[in-house]
Amino acid sequence: MRALLVAEADLGERIMRALILRRVSLIQSGVGGRVLIGPTNSSGVVRVQRFLTRNGIPHHLLDPERDHDAAELIARYSPSPTDWPLA
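As the structure is a prediction and not an experimental result, all values here were calculated from the model.

Calculation rules
Residues numbered from 1 in each chain as written. Predicted model: local features only at pLDDT ≥ 70, side-chain atom pairs only at ≥ 80, totals over all residues. Heavy atoms only, no water. Helix = DSSP H or I, 4+ residues; strand = E, 2+ residues; numbered from the N terminus. Rg over C-alpha atoms; globule rule 2.2 N^0.38 Å. Buried < 20%, exposed > 50% of the residue type's maximum accessible area, 1.4 Å probe, protein only. Contact = heavy atoms within 4.5 Å. Areas by Shrake-Rupley, 256 points an atom, 1.4 Å probe, with all protein chains shown as cover. Lys, Arg positive; Asp, Glu negative; His and termini not counted. Charge placed at Lys NZ, Arg CZ, Asp CG, Glu CD.

Asks: Is there a simple way to think about the overall build of the protein in this case?
Replies: Tallying secondary structure elements over the protein gives four helices and two strands in all. Seen in sequence order, the protein has helices and strands lined up from the N terminus as α-α-β-α-β-α. The C-alpha radius of gyration of the protein comes to 18 Å, more than 25% above the 12 Å expected for a compact globule of 87 residues. Projected onto the principal axes, the alpha-carbon positions of the protein cover approximately 55 × 25 × 20 Å. The burial tally for the protein puts 23% of its 87 residues in the buried class. In the protein, the share of contacts with a sequence separation of at least 24, taken over all contacts with a separation of at least 6, comes to 61%. For the protein, the computed accessible surface area is about 6,600 Å², with 55% contributed by carbon and sulfur atoms. For the protein, the distance from the average position of its 11 positive side-chain charges to the average position of its 9 negative side-chain charges is 7 Å.

Below, the structure is given as structure tokens:
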């Protein structure tokens, strides 16, 4: 694959552009990427969110107090507060 991308520079540029635009779209829309589950006021959640944001990694947060699916996951696994966030 690498040899093909080097030999066909136009193809390589198109693929890279598509990947970059996809990543920008994921970051802007807040969907896709990593899913964090935990309360928004948890220091662990805030720390991981800041790390992901600083590094431009697409992610979104599901708060178990507001999201039914996240609440079910929390009920099933019963994590302790030191386990926040779940990813």
